[in-house]
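Given next are the chains, with one letter for each unit.
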Amino acid sequence: MTEGDQTKNNYMMWALMIPGEFRYPAEANDIRGVYEYFMAWASSNGAEHAEWYLESADAGRIY
């Protein structure tokens, strides 16, 4: 595996474009642990949980 493949294999992207308001994770909180369905959405290439940012989130760890 080359270094460039690591991002692809972890399903992580460089930026998110979210329609409307987005309650982002508080400082030092990983989005993967704050939004329950974020990784399911990312790993499915957007096929599952298309509105992960509106679904279950840890309210104590977002702004």
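Right, let's walk through the structure included here. (Residues numbered from 1 in each chain as written. Predicted model: local features only at pLDDT ≥ 70, side-chain atom pairs only at ≥ 80, totals over all residues. Heavy atoms only, no water.)

What to know about the packing of aromatic side chains
Right, so step 1: Summed over all chains, the structure comprises eight aromatic pairs.
Right, so step 2: Seen from their ring centres, F22 and W52 are 5.9 Å apart, and the 75° between their planes marks the pair as edge-to-face. Of this pair, F22 sits in the loop between helix 1 (5–9) and helix 2 (31–34) while W52 sits in the segment after helix 3 (38–43), placing them 30 residues apart in sequence.
Right, so step 3: Residue W52 is classed as buried on the basis of its relative accessible area, which comes to 2%.
Right, so step 4: When the centroid spacing of 5.2 Å and the interplanar angle of 85° are considered together, the rings of Y35 and W52 count as edge-to-face. (Phe/Tyr/Trp six-rings, centres within 6.5 Å; stacked < 30°, edge-to-face > 60°. Helix = DSSP H or I, 4+ residues; strand = E, 2+ residues; numbered from the N terminus. Buried < 20%, exposed > 50% of the residue type's maximum accessible area, 1.4 Å probe, protein only.)

Some remarks on unusual backbone geometry
Right, so step 1: One non-glycine residue with positive phi stands out, namely A28, at about 70°.
Right, so step 2: Assignment of secondary structure puts A28 in the loop between helix 1 and helix 2.
Right, so step 3: Look at A28 and you get exposed, because its relative accessible area is 81%.
Right, so step 4: In the Ramachandran plot, H49 falls in the positive-phi region, its phi being about 50° despite a non-glycine side chain.
Right, so step 5: Counting through the fold element by element, H49 comes out in the segment after helix 3.
Right, so step 6: Residue H49 is classed as partly exposed on the basis of its relative accessible area of 28%.

Geometry only, nothing functional implied.
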